[in-house]
Structures are given as C-alpha cells and as structure tokens.
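Next come the chains, spelled out residue by residue.
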Amino acid sequence: MSTRRIEHAPDSDARLARRIMRRLDATPVVDAGNVDVCVDGGRVELRGSVESFSDRLACAEIAESLAGAGSVTNELRVRPFDEGWQLGPSGPTGSFEAFRA
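All of these numbers come straight from a predicted model, not from anything done at the bench.

**Student:** Account for a positive patch on the surface, naming residues and giving values.
**Tutor:** A cluster of basic side chains, namely Arg 15, Arg 18, Arg 19, Arg 22 and Arg 23, defines a positive patch on the protein surface. Structurally, the position occupied by Arg 15 is in helix α1 (residues 11-26). What makes Arg 15 partly exposed here is its relative accessible area of 44%.

**Student:** Please give an account of helix α2 (residues 53-65) that cites residues and values.
**Tutor:** Over its 13 residues, α2 extends 18 Å from the first C-alpha to the last, a length consistent with the 18 Å expected when each residue adds 1.5 Å. Residues of α2 that are buried include every one of Asp 55, Ala 58, Cys 59, Ala 60, Ile 62 and Ala 63, and no others.

**Student:** With reference to specific residues and values, describe the confidence of the model for the chain.
**Tutor:** Put simply, the chain has an average pLDDT of 78, and 68% of its residues get 70 or more. Confidence drops under pLDDT 50 across residues 94-101; counting only partners more than four residues distant or on other chains, this segment forms eleven contacts.

**Student:** Tell me about the pattern of salt bridges, and name the residues and values.
**Tutor:** A full pass over the atoms with the stated rule returns four salt bridges. For Arg 79, the salt bridge is made with Asp 31, and the minimal N-O distance between the two is 3.6 Å. With a gap of 48 residues between them, Arg 79 in the loop between β4 (77-78) and β5 (86-88) and Asp 31 in the loop between α1 and β1 (35-40) connect regions that are remote in the sequence. The shortest N-O distance in the salt bridge between Arg 79 and Glu 51 comes to 2.6 Å. Taken together, the residues span a long stretch of sequence, with Arg 79 in the loop between β4 and β5 and Glu 51 in the loop between β2 (43-50) and α2 at a distance of 28 residues. Given a relative accessible area of 24%, Arg 79 falls into the partly exposed group.

**Student:** Give a detailed account of the nonpolar core, specifying residues and quantitative values.
**Tutor:** If you look at the biggest cluster of nonpolar residues, it comprises 22 residues, and the most contacted ones within it are Ile 20, Leu 24, Val 35, Val 37, Val 44, Leu 46 and Cys 59. Look past the residues within four positions of Ile 20 in its chain and what remains in contact with it is Val 37, Val 44, Ala 63 and Leu 66.

**Student:** Can you explain the pairing of β2? Please cite residues and give values.
**Tutor:** Note: β1 against β2, six bridges, orientation antiparallel. Along β2, the bridge assignment pairs Val 35 with Gly 48. By the bridge criterion, three bridges tie β2 to strand β3 (residues 72-74) in an arrangement that is parallel. Its bridge partner being in β3, Glu 45 is matched across the sheet by Thr 73. This β-α-β element, β2 to α2 to β3, shows right-handed connectivity. The pairing of β2 with β4 spans two bridges and is parallel.

Conventions adopted
- Residue positions are given per chain, counting from 1 as you read along its sequence in written order.
- Per-residue local features of the predicted model are confined to residues with pLDDT of at least 70, and side-chain atom pairs are confined, for both listing and counting, to 80 or more; whole-chain, interface and lining totals are unaffected and use all residues.
- Excluding hydrogens and water, the side-chain values take into account all heavy atoms of the structure.
- Residues enter patches when they are more than 30% accessible in relative terms and free of salt bridges; like-charged ones are connected within 9 Å and nonpolar ones (Val, Leu, Ile, Met, Phe, Trp, Tyr) within 5 Å.
- Using a 1.4 Å probe, accessible areas were evaluated by the Shrake-Rupley method; residue-level cover was limited to the displayed protein chains.
- The salt bridge definition used is simple: a Lys or Arg side-chain nitrogen within 4 Å of an Asp or Glu carboxyl oxygen.
- Note that His is not counted, nor are the chain ends; the positive residues are Lys and Arg, and the negative ones are Asp and Glu.
- In plain terms, the charge of a residue is placed at NZ if it is Lys, CZ if Arg, CG if Asp and CD if Glu.
- Here a strand is any run of E in DSSP of at least two residues, a helix any run of H or I of at least four, and the numbering for each starts at the N terminus.
- For the exposure calls, accessible area comes from a 1.4 Å probe over protein chains only, and a residue counts as buried if that area is under 20% of its type's maximum, exposed if over 50%, partly exposed in between.
- Under the convention used throughout, the expected extent of a helix is 1.5 Å for every residue step, that is, one less than its residue count.
- On a scale of 0 to 100, pLDDT captures the predictor's confidence in every residue.
- Contact between two residues is taken to exist if any of their heavy atoms lie within 4.5 Å; hydrogens are not considered.
- Among buried residues, those of type Ala, Val, Leu, Ile, Met, Phe, Trp, Tyr and Cys that are joined through side-chain atoms within 4.5 Å constitute a nonpolar core.
- Any two strands are treated as partners once DSSP identifies two or more bridges connecting them.
- A clockwise path from the first strand over the helix to the second, with the strands pointing away from the viewer, defines a right-handed crossover.

Right under this line is the structure:
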C-alpha cells in the first residue's frame with residue numbers, strides 16, 4: 001500500500017504540494033506512490049522511495065517545473081531490487097544468478 005501525505009503547511013504551500021502530487025500521479029512513467037511532498041515557504045522536499053533512478057530524477061524535475069516551487073531537495077531513495085532479479089536493458093528480469101560471473 002502506498003503512503004501519500006502533505007505535512008502541515010500554510011495554504012499556499014499545501015496547494016503547491018497538492019499540485020506536485022497531482023502532476024506526479026498523472027505521469028504514467030513515474031511510480032510515485034511512495035513519495036511524500038513537503039513544502040515550506042516554497043521550498044520543496046521530496047521524501048520516500050521510488051523504483052528507479054530515472055523516477056527519482058523525474059520527480060525532482062516535475063517539482064522544479066511548477067510555478068511557485070523554489071528550491072527542490074530530493075531525498076528520495078531508490079528501492080533495491082528483490083533478490084532473484086537483475087537489471088537488464090529493459091528493466092528487472094530473470095534471475096540475479098545469471099548476472100554473476
């Protein structure tokens with residue numbers, strides 16, 4: 001189950017956080033279900049975890065692109081692959097043992 005929250009913030013900060021979360025949700029190539037958006041005085045902090053480094057970068061770019069966002073601090077962690085999976089050219093596939101030499 002994903003967790004989504006907006007920390008207590010003044011109205012304009014809360015609106016910006018909601019806009020960022022809506023944009024993240026509307027981006028089909030980004031899995032941002034475990035991303036928390038915190039805004040304080042227009043300064044955005046992204047916390048939580050994502051599936052890949054490209055998701056991590058995309059989340060920050062989306063936050064930076066919205067009017068009203070000042071600095072963006074990207075504290076997102078990339079979740080490790082479960083054992084038994086490997087990163088192939090098109091994502092996680094197969095057995096991790098096949099990648100060991």
